Amino acid sequence: MEYLVHIGILIGIYLILGVSLDLIAGHTGMLSLAHAAFYGIGAYAAAILALRMNVPFPVSVALCMTLGALLGIVLGALTARIRDDYFVVATLALQVVVLRVFKNCIWLTGGSSGLIGIPEPAVGGYVVSSDFGLLLLVGLACCLTVFVSGRIVGSPLGRVLIAIREDEIVACCAGKNVLVHKLTVLAVGGAFAAGAGALYAHYVGFIDPTSFTLMESIFVLSIVIIGGAGTRWGPVVGAAILVTLPEVLRFVGLPGSMAGEVRQILYGGLLVVFVMWRPQGLMGARMIQRGGVQE
Amino acid sequence: MCQSIANGLVSASWIALVALGFGLIYGPARFFHFAHGVVFTLAPYLSFLFAVRLGLPVPISFLMAVGLSTATGCMMEIGVYRPLRHRGASPLTLLVASLGLYVMGQNTISLIFGKGSKTLGLGIHEGINVLGVRITPVQLVIVLVSLTAMGFSVLLIKKAKFGKAIRAVANDRVLATVSGIDGDRVILWSFAIGSALAAVAGILVALDVDMAPTMGLNAVVMGVVAFIIGGTSRIRGIALGALLVGMVQHVGVLVIGSQWQDAVVFIMLFAFLLVRPEGFLGRKIRKATV
Amino acid sequence: MSFKRLEIRHLVKAFGGEIVLSDFSLSACGGETVGLIGPNGAGKTTLFNVITGFLSPEKGTVSFDGTKLVGLPPFRIANLGVCRTFQDVRLIRPLTTVENVLLASRDRTGERLVDVLFRWKRTTRRESKMREAAISLLESVGLLDTVDVAGGELSYGQQKLLSLVCCLASGAELILLDEPIAGIAPEMRGEILSIIRELPNKGKCVVVIEHNFDAISSICDRVIFMDAGEKKSEGTPDEIQTDPIVIETYLG
């Protein structure tokens, strides 16, 4: 039972990461490989705020999300004039630089050893010490994420994002300030990714740089694409499947030492398979994305 | 200081090899083939398998390793990229596919050979003193091979019919097809040559330092940076880009410290993308083809 | 009808060493339709790109209703009331016909994050009102049954009509049409031309690039003949049709 709760929490965290990346990459067409960096910044910020400054959990989460939003805006501002595939490389650069900061600023982040002893989250004096309680907390966060994302997608703003993805020139001619919209979506996506990081930090109690690498970014991207980029429930389905699938392997008797690699080979392979044969993902129905995956 | 410059030159040389291969593929195929890093990593590991584990003669091991790695690169083109391209996939789609291929490749190598680093050392780590700078025979070979490869590529692109074909396909694939050039064949050849270069570079680097399953990622990323900074369109540019990356890595760290090595390179890339998105020697892109 | 809304003065545009617009001037009044003809490569589309801000001229000025356009980003120029169509139709393929029209509207309620998060009721109310208006607009041009069809699935003629409708929906006062009827069937052509003919009645300023001279004569008050980036001739459709320069280089 405890194991299922653990899986549930992980699915929840990756759901938030997937939905937030989908806003940026799926709807707006900005393929970002830096999502793990945002995730990590949220985690480290939450850890530092809790360990060094005793900031209460709700305030800490708000601060982490704000930090994520700010970083998103910075990324957007820096890459404003950078087109499609170079944008991907720029996000790759950001990802690597942020990871370096995690590894090198030992005084702040504990370096490669990371930070330990992160306390359990406490909301208004009540400490969420049971895993089930944490599952509820993550569940609430998921609902919030899906709610906000759903609102954005179903609104005129969502329409503008799709326009930006499909043809920026048309969007400009329609009078849309493309840069502001890109910054907005990067801020929202970044905020939620950082929030997921904060939840993760408080859940596992210790963090180190290995959880926030480029591979992690690619994993979240796989969730988006396999689930269905630019769809409402795609990332949700993607998170559920990609998190549980490797766990199934454990029951088939795969030795633990191989689990990490096999999991990655699996999702790498699924990514290639889906890109080739079902680019719209599991939940996608029709032709989408000029700049992304095409039917 | 001179030692750092020498080290920087060595790095620049193998980065140039990787970037050259990457660029040869980007030319006609027009996308970022990140899985280039798999080929880079596979070659030394296969060499290890043949020479150390199976005890085959070293030259044969190297040849087989380069051959099989090159074949792997070609299979990626035939099995994944070509079908996607025929379906009209965008460069971003191909990039995503290459990311998936990279993840599969690195982890397969890691699964079979283990996560830790290995040495392909064949006992030639004794440095010799050249002009007051310590350099090993392997490092000399790296520089020489790199220069040779670049020279050869310049000739290939400029003179040979194949080079003209690459340029035609790079500029306009549809037009090239109409002119009777088989775009698929040109691209396959560029994958073959490009992968071979990466394989050779991988073996050389493994001989110089160690090898680990993650070495390919670092290599291809440095290669991409060199390629972009160099302007993505000419071999001279790639050489300059690789030189810059190599120098920043080794000379820059004198000021900053080696743990910031790749971060500095990336910040440099960022700066370049901001100021000159077309790189050193690239042509200025016409704003908005409307 | 008498005051000039669009003023283009001594525009010069070059790509590298090649001059594509040479000392080009044009002015147009509200309620006037100006035709722009000339061989391919004459610089007509380049002119549109300069006006709409996608290209910067080396010299010269463009102003609309007194506001200088040169140097402004394209989206700002669009918000000043300028709208254009493209030679190769550009629209948002995954969006439906009505969604494309809604996209063109300059009312930005619901496009700001604040509206989406905190003013949802107001946003949805606006949206349904605008949707009704968009549907009746589509009905008036005969596109009612394509309302929920994805833009990418429309026929070429319908797509061209749709991009014109988007111009209408945007409330633009300066409308630049780049070959609005090229390559489409006669029935659709008639529909599009009749819409274009209506535009001056609303005081709008229209500039049309076309190769079909019959169409030009039927909708334009004035025609300008361009060649190699220069204005070679200007006059009424009849005058241009009989102009020896035009006949020699183009119509003949």
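Structure first, text after, so check above.
Definitions and cut-offs
Residues numbered from 1 in each chain as written. Chains lettered and ligands numbered in written order. Predicted model: local features only at pLDDT ≥ 70, side-chain atom pairs only at ≥ 80, totals over all residues. Heavy atoms only, no water. Helix = DSSP H or I, 4+ residues; strand = E, 2+ residues; numbered from the N terminus. Rg over C-alpha atoms; globule rule 2.2 N^0.38 Å. Buried < 20%, exposed > 50% of the residue type's maximum accessible area, 1.4 Å probe, protein only. Contact = heavy atoms within 4.5 Å. Areas by Shrake-Rupley, 256 points an atom, 1.4 Å probe, with all protein chains shown as cover. Lys, Arg positive; Asp, Glu negative; His and termini not counted. Charge placed at Lys NZ, Arg CZ, Asp CG, Glu CD. Phe/Tyr/Trp six-rings, centres within 6.5 Å; stacked < 30°, edge-to-face > 60°. Lys NZ or Arg CZ within 6 Å of the ring centre and 35° of its normal. Polar contact = N/O pair within 3.5 Å; in protein donor to acceptor, adjacent residues only side chain to side chain.

J.: I keep staring at the overall build of chain B and nothing clicks. Help me out?
T.: Along its length, chain B carries 12 helices and two strands. Traced from its N-terminal end to its C-terminal end, chain B shows the element sequence α-α-α-α-β-β-α-α-α-α-α-α-α-α. Over its C-alpha atoms chain B spans a radius of gyration of 19 Å, differing by no more than 12% from the 19 Å that the globule rule assigns to 290 residues. Reported as C-alpha extents along the three principal axes, the dimensions of chain B are approximately 55 × 45 × 35 Å. A buried classification covers 56% of the 290 residues belonging to chain B. A sequence separation of at least 24 residues applies to 76% of the contacts in chain B between residues at least 6 apart. Approximately 12,100 Å² of chain B is accessible, and the part contributed by carbon and sulfur atoms is 69%. Seen as two clouds, the 22 positive and the 9 negative side-chain charges of chain B have centres 9 Å apart.

J.: Honestly, the pairing of strand E3 (residues 33–37) of chain C in this entry has me stumped. Any pointers?
T.: On any regular strand, side chains alternate: one points to one face of the sheet, the next to the other face. Summarising burial for E3(C): five of the five residues are buried, a large majority. Side chains of E3(C) alternate between two faces, with C:Thr33, C:Gly35 and C:Ile37 and C:Val34 and C:Leu36 buried alike.

J.: Would you mind going over the packing of aromatic side chains with me for this structure?
T.: Any pair of aromatic rings gets described here by the distance separating the centres and the angle formed by the planes. Summed over the entire model, instances satisfying the criterion amount to 17 aromatic pairs over all chains. Arranged with centres 5.2 Å apart and planes meeting at 85°, the rings of A:Tyr39 and A:Phe212 form a pair that is edge-to-face. One end of the pair, A:Tyr39, is in helix H2 (residues 35–53); the other, A:Phe212, is in the loop between helix H9 (178–204) and helix H10 (214–227), with 173 residues separating them in the sequence. Classification of A:Tyr39 as buried rests on a relative accessible area of 2%. What links up through ring pairs into an aromatic cluster is the set A:Tyr39, A:Tyr44, A:Phe102, A:Tyr200 and A:Phe212. Note that A:Arg263 overlies the ring of A:Phe219, its terminal NZ or CZ placed 4.6 Å from the centroid. One cation-aromatic arrangement involves C:Arg90 over C:Phe86; the distance from NZ or CZ to the ring centre is 5.3 Å.

J.: How should I be thinking about the side chain of C:Thr85 in this particular structure?
T.: Residue and element names in this part refer to chain C. For Thr85, the position within the fold is in the loop between strand E6 (82–84) and helix H3 (97–104). Given a relative accessible area of 6%, Thr85 falls into the buried group. Among the polar contacts made by the side chain of Thr85, one reaches the main-chain amide nitrogen of Asp178 at a distance of 3.1 Å. Look past the residues within four positions of Thr85 in its chain and what remains in contact with it is Ser163, Leu164, Cys167, Leu176, Leu177 and Asp178.

By themselves, these are just geometric observations and shouldn't be taken as functional.
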